[in-house]
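Descriptive analysis of the structure
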Amino acid sequence: MRAVFRYFRRNPSLALGIALLAALALFVVIGGILVDTEDARPLSVPTLRAPSWAYPFGTDRQGRDLLAVMIAGTPLTLRIGFIAGFLGVGLGTVLAFIAAYYRGVLDTVIRGIADIGLTVPGLLVLIIIAVSIKGTLTVNQMAIVVASLAWLYPTRTIRAQVLSLRERGYVEVARLSGMSGPAIIFLELMPNLLPYLAATLVNAVSAAILASIGLEVLGLGPIDAPTLGMTLYWVNFNAAMINGWWWWWTAPTVIILMVFLGLFFLTVGLDEIANPRLRRSA
Amino acid sequence: MQAAYIARRFGVFLLIVWLAATLNFFLPRLSGHDPVHSKLLQQAALGGYVQSGIEEMTREYERRFGLDKPLWRQYLTYLNGVARLDFNYSIANYPRKVSELIADALPWTLALLGTTTLLSFAIGSLLGALLAWPEAPRWMLWLMPPLWALHAIPFFLLGLILTYLLAFQIPLLPIFGGYSAGAVPALSWRFGWDVLQHAVLPALSIILVATGGWALGMRGMMVTTMGEDYVTFAEAKGLKAPTVFLRYCVRNAILPQVTALALALGQVLSGAVLVEVIFGYPGIGTLLFQAIRENDHFVIQGVVFTVIVALGFTTFVLDVIYPWLDPRISYRRA
């Protein structure tokens, strides 16, 4: 335990990131016990009340208790991020290893697709996909839509890492001693990339949450789910800013800020573990 | 060599255009969504009576729009239209063509995005370079944590906060739109000033966030560059500090930044779309938002296609400029 704290002192970004995310987790868990999340549905409480003891975060125009909305919505938004992030990094890792370890035509094709895909504004492609799907999306479908582009960036960066790793001496030794390709990938390359993969995953989760909130603000999200992005959609839809209903957008804004800052500092901290050379230059 | 390089880059650009068009054509058809049918049903529902001949009407419209022909014929017709920037009519604003709507909105977005990207790139790179430079003033170090934190925030969220502070609490700047409600768009000083005032908040929310990213990237590159032997040699020769800073360090550290710029444009644009929606800024983002609300498929497709092509073209231009910035690149096969 003491060693953990000593390490946190050397790597304050990691500590800050974990602290922010832990605070959110506590909020959701304790809130889930104390507050009835059924109040996150429209028409369950009086409309447009400013924060008070009864409704600490206030209520919105459709009669949702915003505290309940935040408690129910934060995990939903994080779920979209995690599903899409895991799918993206998983697929990206497989493609990156195939491309970088075996090279050849496959490499050219995979790298080409990733390079071209990255220059295209992702949100717009996601819009076309979301619009093409019939009916309204569920939270899980939303995650899959976002995941459809989430593998591009991981593929590109992990491929570059593998390319530099495969030239190392120990990989050469493993190859010469007759180890098969998959064995080298799983036993020699993968363990050395784990910290880097973790940092990439956090990045991908953050990007996926950003993309999902973007789609939701545009009105392409799961209309009946109380996610953070949908809350902002209703804020914009009802012009809460101009009408002076400040509490309506404050709660989701603060929570989204905590999510992004927490994930960002977590990546910075993980980067330092994955890439100790940064320490000298920082 | 130069010509081959440019040709190759142009090939990539054409590939992007073709992919965007193809995606636009096939994705909506994969879902089996019938825009004509659903639009007619919607209209009938609005009219309040159930039309008996709606199936025949759908067929008639499909014949007129050429939707009854085989898929490959439709695809060729579509590509032909797209090549002439003809995206059909807007369903929601019927007599207007999609290309007209886009032509109205595009200048706003181009101006907002061009200015903010150039400004944040210039300010951020300079700031990042200074942050790494040991002779820079000490107080600059205090800029690091806020820059870091800002960099992690989505543009539009900062936009919300700025609006509340600078337009609602202290009514310094207008909250909404691209110009005042009563103003008539004209080339006059008054209208220009009005537009400028409305652009400050959206621009600020992009610049503040983006600057942090560029500063962080530049600082990282500067640290590496300053460790190079030629910088030590330049200092040993007794060159003046500003010369070493600008011509030896910044000149080399800026190269990866330009590469990053080409990659970042897509993300900046995705973010700017939402900023426009939040501020009701009359650009591409708001057009897209309205089209999504009104289920106007042709406008959505037209906007997405135009933006992808515009971005692909910008990337192409950056690629062509790049060898001029970095003479080594044209001799390497990229």
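Thresholds, definitions, all that
Here the residue numbering is sequential within each chain, running from 1 through the sequence in written order. Going through the entries in the order they are written, you letter the chains from A and number the ligands from 1. Residue-level local features of this predicted model are given only where pLDDT is at least 70; pairs of side-chain atoms are given and counted only at 80 or more, and the full residue set underlies all totals for whole chains, interfaces and linings. The helix and strand labels rest on DSSP assignments: H or I over at least four residues marks a helix, E over at least two residues marks a strand, and numbering proceeds from the N terminus. Any residue whose C-beta has 12 or fewer other C-beta atoms within 10 Å is treated as exposed, any with 20 or more as buried, and any in between as partly exposed, C-beta atoms being built from the backbone. Placing a C-beta atom from the backbone of each residue, one calls two residues in contact when those atoms lie within 7 Å. By this rule, a helix spans an expected 1.5 Å times one less than how many residues it contains. A set of buried residues drawn from Ala, Val, Leu, Ile, Met, Phe, Trp, Tyr and Cys, joined through C-beta atoms within 7 Å, is what defines a nonpolar core. A score from 0 to 100, pLDDT tells how confident the predictor is in each residue. As a rule, the C-alpha atoms of each element are fitted with a line to give its axis, helices using only the stretch in contact, and angles between N-to-C directions run from 0 to 180 degrees. Each angle gets one of four labels, with under 35 degrees taken as roughly parallel, over 145 as roughly antiparallel, 65 to 115 as roughly perpendicular, and the rest as oblique. Classes in brief: Ala, Val, Leu, Ile, Met, Phe, Trp, Tyr, Cys and Pro nonpolar; Asp, Glu, Lys and Arg charged; the others, Gly included, polar. If you view the pair so one helix is near and one far, a crossing is left-handed when the near helix is turned anticlockwise from the far one by less than a right angle, and right-handed when it is turned clockwise.

1. With respect to the overall build of chain B
Broken down by element type, chain B carries twelve helices and zero strands. For chain B, the N- to C-terminal ordering of α and β elements is α-α-α-α-α-α-α-α-α-α-α-α. By the burial criterion, 35% of the 334 residues in chain B qualify as buried.

2. Comments concerning the overall build of chain A
When its secondary structure is counted, chain A shows 13 helices and zero strands. Along chain A, helices (α) and strands (β) appear in the sequence α-α-α-α-α-α-α-α-α-α-α-α-α when read from the amino end. Each principal axis of the C-alpha atoms in chain A carries an extent, and together these give about 75 × 50 × 30 Å.

3. With respect to the interface of chain A and chain B
The interface is formed by 33 residues belonging to chain A together with 44 residues belonging to chain B. Listing elements by their share of the side of chain A that touches chain B, those giving two or more residues are helix 4 (104-119), helix 5 (122-132), helix 9 (181-217), helix 11 (240-243) and helix 12 (246-274) of chain A.

4. Points about helix 7 (residues 152-165) of chain A
Residue and element names in this part refer to chain A. The end-to-end C-alpha distance of helix 7, which contains 14 residues, comes to 20 Å, matching closely the 20 Å that a straight helix rising 1.5 Å per residue would cover. For helix 7, the full list of buried residues reads Leu152, Tyr153, Pro154, Thr155, Arg156, Ile158, Arg159 and Val162. Contacts from the buried residues of helix 7 go to helix 3 (66-102), helix 4, helix 6 (139-150) and helix 9.

5. Things to note about the environment of Ala198(A)
Residue and element names in this part refer to chain A. Position of Ala198 relative to the elements: it lies in helix 9. Taking the C-beta count within 10 Å as the criterion, Ala198 has 17 such neighbours and is therefore assigned partly exposed. Taking C-alpha positions, Ala198 is 12 Å from Asn275, a pair spaced 77 residues apart along the chain.

6. As for the nonpolar core
Counting residues in each nonpolar core, the largest one holds 160 residues, and the members touching the most others are Leu126(A), Ile127(A), Val146(A), Ala208(A) and Val303(B). A per-element tally of this core places helix 10 (residues 241-279) of chain B first, with 18 residues. Aside from chain neighbours lying at most four places away, what touches Ala208(A) is Ile80(A), Gly81(A), Ala84(A), Gly85(A), Gly88(A), Val146(A) and Ala150(A).

7. Quick word on the confidence of the model for chain B
Residue and element names in this part refer to chain B. Looking at chain B, the pLDDT average stands at 83 and 90% of residues meet or exceed 70. Highest mean pLDDT in chain B belongs to helix 5 (residues 98-132) (92); lowest belongs to helix 2 (residues 35-47) (65). The ipTM, which scores confidence in the relative placement of chains, is 0.85 for this predicted complex, and the corresponding pTM is 0.88.

8. Details of the environment of Leu127(B)
Residues and elements named next belong to chain B. By the element assignment, Leu127 lies in helix 5. The class for Leu127 is buried, based on 21 C-beta atoms found within 10 Å. Once residues within four sequence positions are removed from consideration, Leu127 is found in contact with Leu143, Thr211 and Ala215.

9. Structural notes on the packing of helix 5 of chain A against helix 10 of chain B
How two helices pack is summed up by the angle between their axes together with the distance between the axes. Two elements in contact, helix 5 of chain A and helix 10 of chain B, have axes whose closest approach is 7 Å; the angle formed by their N-to-C orientations is 60 degrees. Classed by the angle they form, the pair helix 5 of chain A and helix 10 of chain B counts as oblique. Contact residues: helix 5 of chain A offers Gly122(A), Leu123(A) and Leu124(A), while helix 10 of chain B offers Gly266(B), Ser270(B) and Val273(B). Partitioned by chemical class, the residues of the contact of helix 5 of chain A with helix 10 of chain B number three nonpolar, three polar and no charged.

10. So, the packing of helix 3 of chain A against helix 4 of chain A
Residue and element names in this part refer to chain A. As a packed pair, helix 3 and helix 4 sit with axes 7 Å apart at the nearest point and diverge in direction by 135 degrees. Classified by the interaxial angle, the pair formed by helix 3 and helix 4 is oblique. Here the hand of the crossing between helix 3 and helix 4 comes out left-handed. Taken together, the residues of helix 4 that come into contact with helix 3 (itself represented by Leu95, Ile98, Ala99, Ala100 and Tyr102) are Gly104, Leu106, Asp107, Ile110 and Arg111. For the contact of helix 3 with helix 4, the residue count by class is seven nonpolar, one polar and two charged.

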